[in-house]
Amino acid sequence: MLSIFTPTYNRANTLPRLFKSLCNQTDKDFEWIVVDDGSEDDTASLVHAWQKDSPFPIIYQYQPNGGKHRAINRGLSIAKGELFFIVDSDDYIIPNAVEIILSDWDRVK
């Protein structure tokens, strides 16, 4: 399994594009960990709504603002996957990204 990690801070306006790209993955063998680094927008309610119907597990953690490096450390401590893949909150991934990562990992590990 792959742990996809997203640190976020006041990015409720960009997260939907990333979430959509995760929903479109051809391989759903991943968890999505979102560490909210003190957002003051609708990030929490947005992610909580997605958790209800997501085709993959979403782990949401809020922490007081401490910077991206602290958010990454928190995400890494939560991750259950064999691999840890950081995708920023203003980014997205191609539909077969997880499939490619897991396939290549199986081939080289």
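Model, not experiment: these values are computed from the prediction. (Residues numbered from 1 in each chain as written. Predicted model: local features only at pLDDT ≥ 70, side-chain atom pairs only at ≥ 80, totals over all residues. Heavy atoms only, no water.)

Caption draft 1: Structural view of the packing of aromatic side chains. Inspection of the entire model under this criterion finds six aromatic pairs. Between the aromatic rings of phenylalanine 19 and tryptophan 32, the centroid separation amounts to 6.0 Å while the plane-to-plane angle is 20°, which identifies the pairing as stacked. Of this pair, phenylalanine 19 sits in helix H1 (residues 15–23) while tryptophan 32 sits in strand S2 (residues 30–37), and the two are 13 residues apart along the sequence. Note on accessibility: phenylalanine 19 and tryptophan 32 belong to one class, buried. Summarising the aromatic geometry, the rings of phenylalanine 19 and tryptophan 50 are spaced 4.3 Å apart at their centres and angled 10° between planes, so their arrangement reads as stacked. Linking phenylalanine 19 in helix H1 with tryptophan 50 in helix H2 (residues 43–53), this pair joins segments that are 31 residues apart in sequence. Tryptophan 50 shares its class with phenylalanine 19; the two are buried. (Phe/Tyr/Trp six-rings, centres within 6.5 Å; stacked < 30°, edge-to-face > 60°. Helix = DSSP H or I, 4+ residues; strand = E, 2+ residues; numbered from the N terminus. Buried < 20%, exposed > 50% of the residue type's maximum accessible area, 1.4 Å probe, protein only.)

Caption draft 2: Spotlight on the nonpolar core. Formed by 20 residues in total, the largest nonpolar core has its most connected members in Ile4, Leu22 and Trp32. Taken together, the elements giving at least two residues each to this core come down to strand S1 (2–8), H1, S2, H2, strand S3 (58–63) and helix H4 (97–108). Here the element with the most residues in this core is H1; it accounts for four residues. Among residues more than four places away in sequence, those in contact with isoleucine 4 are Leu22, Phe30, Glu31, Trp32, Ile33, Phe85, Val87, Ile93 and Val98. If you look at the next biggest cluster of nonpolar residues, it comprises six residues, including Ile33, Val35, Ile59 and Ile78. (Core = buried A, V, L, I, M, F, W, Y, C linked by side-chain atoms within 4.5 Å. Contact = heavy atoms within 4.5 Å.)

Caption draft 3: Representation of H1 within the structure. Along H1, the positions that sit buried rather than exposed are Leu15, Leu18, Phe19, Ser21 and Leu22. For H1, the angular spread of buried residues about the axis comes to 160°, placing them on one side. The secondary structure elements touched by the buried residues of H1 are S1, S2, H2 and S3. (Arc of directions from axis to C-beta.)

Caption draft 4: View of the sheet that holds S1. Strand order in the open sheet formed by four strands is S3-S2-S1-S4, with parallel pairing between adjacent strands. Looking at strand neighbours, the two that pair on one side only are S3 and strand S4 (83–86), the edges of this open sheet. Going across the sheet, the axis of each strand differs from the next one's by a mean of 20°, ignoring polarity. In terms of strand pairing, S1 meets S4 through four bridges, oriented parallel. Bridged to phenylalanine 5 within S4 is isoleucine 86. The sheet strands contacting H1 are S1, S2 and S3, and the helix crosses S2 at an angle near 170°. (Pairing = 2+ DSSP bridges. Axes fitted to C-alpha atoms, helices over the stretch in contact; angles between N-to-C directions.)

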